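Understanding the architecture of this molecule
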Amino acid sequence: MNRKELLQKAGMAVAVSGILSTLSAEDHDHSGTMPTAGKSKYAKAMMAAVHCQLSAEVCLSHCLTELGKGDKAMAVCAASTREVISLCDSFVKLASQNSSFTKKLANLCIEVCEACAKECDKHANHHAVCKECRDSCLACVKELKKV
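Now for a quick tour of the structure.

Conventions and cut-offs
Residues numbered from 1 in each chain as written. Predicted model: local features only at pLDDT ≥ 70, side-chain atom pairs only at ≥ 80, totals over all residues. Heavy atoms only, no water. Helix = DSSP H or I, 4+ residues; strand = E, 2+ residues; numbered from the N terminus. Buried < 20%, exposed > 50% of the residue type's maximum accessible area, 1.4 Å probe, protein only. Contact = heavy atoms within 4.5 Å. Areas by Shrake-Rupley, 256 points an atom, 1.4 Å probe, with all protein chains shown as cover.

From N to C terminus, the protein chain includes five helices and zero strands. In the protein chain, which comprises 147 residues, the proportion classed as buried is 39%. Long-range contacts, defined as pairs at least 24 residues apart, comprise 65% of the intrachain contacts of the protein chain with a sequence gap of at least 6. When the accessible area of the protein chain is evaluated, it comes to approximately 8400 Å², of which 56% is carbon and sulfur surface.

Its location among the elements puts Thr-102 in helix 4 (residues 102–121). Looking at Thr-102, the relative accessible area reads 0%, which means it is buried. Look past the residues within four positions of Thr-102 in its chain and what remains in contact with it is Tyr-42, Phe-91, Leu-94, Ala-95 and Val-147.

Peptide bonds are mostly trans, and most non-glycine residues show a negative phi. Residue Asn-98 is not a glycine yet carries a positive backbone phi of 55°. As for its placement among the helices and strands, Asn-98 is situated in the loop between helix 3 (75–96) and helix 4.

It is worth stressing that arrangement in space is one thing and function is another; only the former is reported here.
So this is what it looks like as structure tokens:
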């Protein structure tokens, strides 16, 4: 693992750790007006979507680096990760608002995550970040199906 990959993974771990702590926190309502995210019925799905989004960000960076080196096979993978990043971000935003559109968006997010997992699977044996992205997409699909 080179320095860049180490920094990316460390950054992702810190971000996920902070988000997981926030989403799973007990209700310490100091203001009397705001419930914690841990009380959300979508908390597990949101955590999975955030992890998926972060894994896709790392995978996208890797794909762009490989494309820069001339590896055109990574173009479809890069496109699929961009879609995952957008959809997972949107899902977290709607779910955190308890939107009536959360279920509909979860279904679209499932479709996009499954497509990304399929694409990343093509590269998983050669690129660890693609394997991580595939695995996080599949974990996200599992949680989103519960929404």
